[in-house]
Amino acid sequence: MNNRRYRHRLLALSASILLGLSGLSSSAVDAAEVTVEQPAADTTVSQDTGNPSADTKEAAEGQTEGETTEPERIEPDAYFEPIQSNDTANWPQGPAVWAESAVVMDLDSGTFLYSKNMDVAKYPASITKILTTLIAIEHSRPSEKVTFSENAVYGIEQGSSNIGIRLGENLTMEDCLYGMMLESANEVCIAVAEHISGSVDAFVELMNQKVASLGCTNTHFTNPNGLPDENHYTTAHDMALIAQAAYNNATFRKVCQTTTYCIGKTNKCGEERWLSNHHKMLPDRDYTYEGCTGGKTGFTQAALNTLVTYAERNGRQLVCVSLRTNGRQIYTDTASLLDYGFNNFQNYSIFNRKTWADAKMLYPSLYFGQPETVANLRPTCTVTLPAGMDLSSVETTCNPGDGTLCRSYTYNQYPVGYESIPDTAIQALLHSEPTNICKKSGSAAASDLGNSAKETASGIFQKVLAFVAPVGTVIASFVTSAFTAVPWYYFALGGVLFLIIIMEIVLAMKKKKKRKKKKTARKKNVK
């Protein structure tokens, strides 16, 4: 009996050991395969039902009420910051973006369609080179030779963007423009600055003068390439103004939308250098955007990613500026912002200078006699409104600006357009001859003359004068307008052509006389 009891106990002990080992191995397998992080709270399961016990439910409810842990998010804090343009009544609501500061501006009207912290100063990084390139275009010729100094080649931050230019190497200014905009070459920026202004400091002074003239109020630059400096900063608002001024230049537009460019052999390099545009929203790139016409990328550890992007669709032109975004999300956000600008707004022309000039050519009787008027000095003006709105919703305010006569257009107190005439042009108008200042159109002058004749002449004389006066006024106005509106070299060219025609006529007459004499001489000889 004792032996049997001993055997039964031994078998039971062996069975329990085997069961324990199998449970341990299954737990080890589960721990090795499962990678999802488990909740920290301990959950006990009822052996009868397999459902959480009452104690577990109470613990879970207590955790939900008092200590709820939010799921981890990938968006930065800036994603949840307010968008100031969304505060305008009846204004289309713009998308949330990762950028700490961003704007979308209509290049024709200058209206900021989207604004998020647009007046907060940020580091621009290499988008600084937009201004450097614009100043280089305005102060040089493409064929000029730029020689690279020791400061240009070795004075840049080690490891920063460059295209491997050597000491004493010569590039054309055109090559330099593409080097700065496509490959973001820092040594090229230094060489260009020294070439134009003699020193980097003098060039930086020129940069700051330029941004002030463009209306930038919170921008200060300390170098031409955008490398980190606590005194080198701008805002999304100011950067949009700089980008707008640059895009108005045809040479800049050509450079910034070029995808590849080849620098030929130089005095120091026997091989061609191929440059590729870093902007990834251009055609056949990772984030291609329909209508993208270029822009400029930027990155430093201090600035993170910065981006300026131009786009054109259906006759409209937009620029998007995005400051301080971490990673390639900046391209996705830029596409969303540009879509927002194109899909939710439309432009209206307040005054089109080209159309006015065309009308002047087509209907001269309406415009002759007005070569020096405010309308003639007036620039093209466009306003941008939310889709579906019309000009009846626009309010107009006229006021003198800083050296200009200004007119601003608002929609629900939000600026949607602006035009100005420099006071220098108005002063030139006021100081011109009185006959030009008080000049009226042909139809108005004819009306005045007709009224005068009505008071002093008989009926027949009145009709004759009423017919002659407009003709005389139009002819006089035409001559005056021609001499005041047409450039001087047109008259010089016309004079040369007139002399050539006169000479041809004189030569033809001489030839005719010679032929006549020959005929007369032949007749005499025959007789």
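Attention in this report is confined to the structure presented alongside it. (Residues numbered from 1 in each chain as written. Predicted model: local features only at pLDDT ≥ 70, side-chain atom pairs only at ≥ 80, totals over all residues. Heavy atoms only, no water.)

**Things to note about the pattern of salt bridges**
A side chain with one charge can pair with a side chain of the opposite charge if their charged atoms come near. Put simply, the rule is: Just to be clear on terms, a salt bridge is a Lys or Arg side-chain nitrogen sitting within 4 Å of an Asp or Glu carboxyl oxygen. Secondary structure counts use DSSP, requiring at least four H or I residues in a row for a helix and at least two E residues in a row for a strand, with both numbered from the N terminus. Note on classification: 1.4 Å probe, protein chains only; a residue is buried when its accessible area is under 20% of the maximum for its type, exposed when over 50%, partly exposed between these limits.
In this structure the tally under the stated criterion is nine salt bridges. Note that E100 and K122 form a salt bridge whose closest N and O atoms lie 2.7 Å from each other. With a gap of 22 residues between them, E100 in the loop between α2 (54-66) and β1 (101-106) and K122 in the loop between β2 (112-116) and α3 (129-138) connect regions that are remote in the sequence. The buried category is assigned to K122, whose relative accessible area is 17%. Here the residues in one salt-bridge network are E100, K122 and R324, joined through shared partners.

**Details of the pairing of β1**
Rules: Pairing between two strands requires that DSSP report at least two bridges joining them.
Among the six residues of β1, six are classified as buried, and the element is accordingly described as predominantly covered. Examined bridge by bridge, β1 and strand β9 (residues 316-325) share six bridges and lie antiparallel to one another. Across the sheet, the residue bridging to D106 is L318, located in β9. With four bridges joining them, β1 and β2 adopt antiparallel strand pairing. Looking at the pairing, V103 lines up with S115 of β2. The antiparallel hairpin formed by β1 and β2 contains five residues in its connecting segment, where G110 sits at a positive phi of about 80 degrees.

**So, the nonpolar core**
Keep this limit in mind: Note on terminology: a nonpolar core comprises buried Ala, Val, Leu, Ile, Met, Phe, Trp, Tyr and Cys residues joined through side-chain atoms within 4.5 Å. Contact definition: two residues touch when any of their heavy atoms are within 4.5 Å.
Judged by nonpolar contacts, the single largest core of 93 residues is most densely connected at I130, F148, V188, V308 and Y310. At nine residues, helix α8 (residues 236-247) tops the list of elements feeding residues into this core. If we ignore the near neighbours within four places in the chain, the residues touching V308 are I127, I130, M239, A243, H279, G294, G295, K296, V319, C320 and V321.

**So, the sheet that holds strand β8 (residues 304-313)**
The line we're drawing: Axes here mean lines fitted to C-alpha atoms, for a helix over just the part in contact, with angles spanning 0 to 180 degrees between N-to-C directions.
One open sheet accounts for five strands, arranged β2-β1-β9-β8-β7; its pairing is antiparallel. Each edge of the sheet is formed by a strand with only one pairing partner; in this case those strands are β2 and β7 (292-300). Averaged over all adjacent pairs, the angle separating strand axes in this sheet is 5 degrees, with direction ignored. Along the sheet, α8 makes contact with β1, β2, β7, β8 and β9, crossing β1 at roughly 35 degrees.

**With respect to the packing of α3 against α8**
We apply this condition: Crossing handedness is defined as follows: a turn of the near helix away from the far one that is anticlockwise and smaller than a right angle gives a left-handed crossing, while the clockwise case is right-handed. Only Asp, Glu, Lys and Arg are considered charged in this grouping, and only Ala, Val, Leu, Ile, Met, Phe, Trp, Tyr, Cys and Pro are considered nonpolar; every other residue, Gly among them, is considered polar.
Axis separation between α3 and α8 bottoms out at 10 Å; the angle between their running directions is 35 degrees. Where α3 crosses over α8, the two elements pack in a sense that is left-handed. In this structure, α3 contributes I130, L131 and L134 to the contact, and α8 contributes M239, I242, A243, A245 and A246. Taken together, the residues of the contact of α3 with α8 break down into eight nonpolar, no polar and no charged.

**Structural notes on the packing of aromatic side chains**
Which entries qualify depends on this criterion: When two rings of Phe, Tyr or Trp (its six-membered ring) have centres within 6.5 Å they constitute a pair, described as stacked for plane angles under 30 degrees, edge-to-face for angles over 60, and tilted for the intermediate range. Lysine NZ or arginine CZ positioned within 6 Å of the ring centre and within 35 degrees of the ring normal marks a charge as sitting over the ring.
Taken as a whole and judged by the stated rule, the model has 10 aromatic pairs. Aromatic pair Y247 and Y310: ring centres 4.3 Å apart, planes at 20 degrees, arrangement stacked. Note that Y247 is positioned in helix α8 and Y310 in strand β8, a separation of 63 residues in sequence. Here Y247 and Y310 have matching classes, each one buried. Between F252 and Y310 the ring centres are 6.2 Å apart and the planes differ by 80 degrees, which places this aromatic pair in the edge-to-face class. Residue F252 is found in helix α9 (residues 250-256), and its partner Y310 is found in strand β8; the two are separated by 58 residues along the sequence. The burial state of F252 is the same as that of Y310; both residues are buried. Taken together, W91, Y114, Y340, F345, Y411 and Y414 form an aromatic cluster joined through their ring pairs. The side chain of R253 reaches across the aromatic face of Y247, ending 5.9 Å from its centre.

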